[in-house]
Amino acid sequence: MMRLSYYGITLLLILLSSVLNAQADNNNSPFPLIGIFGTLGNGDGELQHPCGLAVDEENQWIYIADTGNNKIKRFNIIIVNNITPPRYVWMYKFEKFDNNEVIDYLCKMEINEVFLSLDVRKINEGNPNYSGTYTAKLQDFINKANTEGIEVHAMILEDPNFTYESEHQKGIKLVEDVIAYCRTHPEASVKGIHIDTEPHALDEWQDGDWDIREILMQSYVLLLSKIRDTLDDNTDVNIHFSAAIAWWYNERAEEGKLPSGDTSNLAKYLHTVVPMVYVSPDVIISRVEDEIEEADTIVGIKVKDFFNFYKELKDTMVKIDKEFESKTHYKGISVFEYKTMKELYLLPTITIFTDKPQYYTNDILTITVHVTNRDNDINVDVKVWLKLPTDKLISLINMYNYTLKQGIDFEVDIFKHTFVGSEPHGVYLGGSRFLNPVTGDIKSEDFTSFEFLGSPKLFPPCTDFQ
């Protein structure tokens, strides 16, 4: 049933203040701030002159009467409430990293789940390879991670040879090592087991036909079933089970080439599948749609597919979230991998934006840039420009060999203009770049756009709604 509720009243007030660019004053409001959504415009998630609202609490949707665009717009309550799906990262070389530093960067990069590569033989006191030092370091890392709301999964079986049935028992022994650790150290237990066996990496797979590959896949699925049975037989320890898989397993299964690789088949044993969608950012969503329809899915993406732009990585994750926000099987994103993500995070950035997407006569345009440098001092060339609807370029900033100091993080308004009505109507494009002063290579890049529409469109007064 759809009805106006407490959520609806609160969110309507927030929505109107957002669209009118007013500052919400929470201290004077009898309602808590739940979330902010909707901006001025005529695109997805944008509104003009919203006049009515209804809430479908059962299905978690908010409906807005967008009178200026002659549409009814639908928003997801979970997204409105700023509940971000989990962010995972694959991590390696545990023995070498500094626990405190890593936790600090995980927090800065907003990671809340970790697939941590471990030599689990060293954490089971009953294993001859047990190491008290290694185990103490793991306990310290997990305790500090949990304090920050970060959960740790033990990544094991990182060898395609575990696909072979002759190697299954060795794999099960490693699973038992994790179970023994969790049982002995419940206060610093791992949340799950994540396997990265990847049968498609075997030479036999690479050299064989699809009949051979199907046999290998059947053996891999048998391994999954044995691991799940082992976990289910140890009910005193609650361990989540996930696996990294190739995104194309399901597609080949649908083609009849790899029947055992069907996502629904793998999900019989896995709590969550993690397809590695290591492709260009613009096609990630299309590559993983079918998995999300069939099983709980974490979308695996690769940092190096985003070149040098941390903002592009973050924007793509937000885009994936929005695409699958209504899918119950969507369980977040995992990034491959920590080291390269950290390197990308530390690169200097310059982003450009305006205060709203559309302007009318007498409106004041403000163009702002946000500059960060989280690493050491670095010299860059700085370029910021505006392209008019007539294709004319206006240079706003053109600086050479500028020193970005370590730790800077600031926003500055670089351009203001009051529209008088004679300016070209249409879409304006803004751009910003940091360049290497010697090679000219782009170190950071961002774009924004806005539209000048001339005289404002007048709307009738908004009437009350029920």
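The structure presented is a predicted model; accordingly, all values stated were derived computationally and were not measured. (Residues numbered from 1 in each chain as written. Predicted model: local features only at pLDDT ≥ 70, side-chain atom pairs only at ≥ 80, totals over all residues. Heavy atoms only, no water.)

*Asks:* Honestly, the overall build of the protein chain in this entry has me stumped. Any pointers?
*Replies:* If you tally the helices and strands in the protein chain, you get twelve helices and 21 strands. Counting the 466 residues in the protein chain, one finds 49% classified as buried. A total accessible area of about 22500 Å² is found for the protein chain, and carbon and sulfur atoms account for 50% of it. (Helix = DSSP H or I, 4+ residues; strand = E, 2+ residues; numbered from the N terminus. Buried < 20%, exposed > 50% of the residue type's maximum accessible area, 1.4 Å probe, protein only. Areas by Shrake-Rupley, 256 points an atom, 1.4 Å probe, with all protein chains shown as cover.)

*Asks:* Whenever I open this one, the nonpolar core confuses me. Can you help?
*Replies:* One recurring pattern in soluble globular proteins: nonpolar side chains tend to sit buried together. The biggest cluster of nonpolar side chains holds 83 residues, and the ones touching the most others in it are L106, L116, I195, V299 and I301. When residues of this core are assigned to their parent elements, the largest contribution, eight residues, is made by helix α7 (residues 210-232). With near-sequence residues (within four places) excluded, I195 lies in contact with I156, L157, Y220, L224, I227, F241, S242, A243 and A244. Core analysis: the second largest hydrophobic core is formed by 20 residues, I350, I397, Y428 and F452 among them. (Core = buried A, V, L, I, M, F, W, Y, C linked by side-chain atoms within 4.5 Å. Contact = heavy atoms within 4.5 Å.)

*Asks:* Mind showing me how you'd approach the pattern of salt bridges here?
*Replies:* Where charged atoms from two side chains of opposite charge come close, those side chains can pair. Counted under the stated rule, the structure contains 24 salt bridges. Put simply, D236 and R183 hold a salt bridge, and the shortest N to O gap is 2.7 Å. Placement of the pair is D236 in the loop between α7 and β10 (240-246) and R183 in helix α5 (residues 168-184), with a sequence separation of 53 residues. Classification of D236 by relative accessible area gives exposed; the value is 53%. For R183, a relative accessible area of 41% translates into the label partly exposed. Residue R252 pairs with E251 through a salt bridge whose shortest N-O separation is 3.4 Å. (Salt bridge = Lys/Arg side-chain N within 4 Å of Asp/Glu carboxyl O.)

*Asks:* I'm lost on the sheet that holds strand β14 (residues 349-354) in this one. Help?
*Replies:* Sheet strands associate in pairs through backbone hydrogen bonding, adopting either a parallel or an antiparallel arrangement. Overall, antiparallel pairing links the three strands, which are arranged β14-β16-β19 in an open sheet. Two strands bound the open sheet, and with one partner strand each, they are β14 and β19 (408-418). The mean angle between the axes of side-by-side strands here comes to 15°, regardless of whether they run parallel or antiparallel. Looking at chain direction, β14 and strand β16 (residues 364-373) are connected through six bridges and run antiparallel. Bridge pairing links T354 to I367 in β16. (Pairing = 2+ DSSP bridges. Axes fitted to C-alpha atoms, helices over the stretch in contact; angles between N-to-C directions.)

*Asks:* Mind showing me how you'd approach the environment of L222 here?
*Replies:* Inspection of the secondary structure assignment puts L222 in helix α7. With 58 residues separating them along the chain, L222 and Y164 place their C-alpha atoms 9.6 Å apart. Aside from chain neighbours lying at most four places away, what touches L222 is E165 and H168.

*Asks:* Sorry, what's going on with a negative patch on the surface here?
*Replies:* On the surface, D355, D409, E411 and D413 cluster together to form a negatively charged patch. By the element assignment, D355 lies in the loop between β14 and β15 (358-359). (Patch = residues over 30% accessible without salt bridge, like charges linked within 9 Å, V, L, I, M, F, W, Y side chains within 5 Å. Lys, Arg positive; Asp, Glu negative; His and termini not counted. Charge placed at Lys NZ, Arg CZ, Asp CG, Glu CD.)

*Asks:* What exactly am I supposed to notice about the side chain of S334 here?
*Replies:* Assignment of secondary structure puts S334 in strand β13 (residues 330-336). With near-sequence residues (within four places) excluded, S334 lies in contact with Y88, V89, W90, F115, V274, I298, V299, G300 and I301.

*Asks:* Help me understand empty space enclosed by the protein, please; the structure alone is not making it clear to me.
*Replies:* Gaps between atoms show up when a probe of the same size as a water molecule is rolled over them. Per the stated rule, a full pass over the model turns up one cavity of 30 Å³ or more. Space inside the largest cavity adds up to approximately 60 Å³. At the level of secondary structure, the elements contributing two or more residues to the lining of the largest cavity comprise α11 (310-323), β14 and β21 (442-452). No other element matches the four residues that β21 contributes to the lining of the largest cavity. Per-class residue counts for the lining of the largest cavity are five nonpolar, four polar and four charged. (1 Å grid on protein atoms, 1.4 Å probe; cavity = no way out; pocket = protein on both sides within 12 Å on 5 of 7 lines; lining within 4 Å. Points joined across faces, edges and corners; volume = space filled by probe spheres on them. Nonpolar A, V, L, I, M, F, W, Y, C, P; charged D, E, K, R; others polar.)

*Asks:* Could you clarify how one ought to interpret the packing of helix α3 (residues 99-108) against helix α4 (residues 132-147) in this entry?
*Replies:* A packed helix pair is summarised by two numbers, namely the angle formed by the two axes and the spacing between the axes. Between α3 and α4, the shortest axis-to-axis distance is 10 Å and the interhelical angle comes to 30°. Compared by their axis directions, α3 and α4 come out roughly parallel. When the axes of α3 and α4 are compared, the crossing they make is right-handed. Mapping the contact onto sequence places N99, N100, V102, I103 and L106 in α3 and K137, D140, F141, K144 and A145 in α4. Classifying every residue of the contact of α3 with α4 by side-chain character gives five nonpolar, two polar and three charged. (Parallel < 35°, antiparallel > 145°, perpendicular 65-115°, else oblique. Left-handed = near helix turned anticlockwise from the far one by under 90°.)

*Asks:* For this particular structure, what's the right way to read α11?
*Replies:* The periodicity of an α-helix, 3.6 residues per turn, causes residues three or four positions apart to be oriented the same way. Between the first and last C-alpha of α11 there are 20 Å, a value that for 14 residues agrees with the 20 Å anticipated at 1.5 Å per step. Residues of α11 that are buried include every one of Y310, L313, K314, T316, M317, I320 and D321, and no others. The buried residues of α11 all sit within an arc of 160° when viewed along its axis, so they share a single face. (Expected span 1.5 Å × (residues − 1). Arc of directions from axis to C-beta.)

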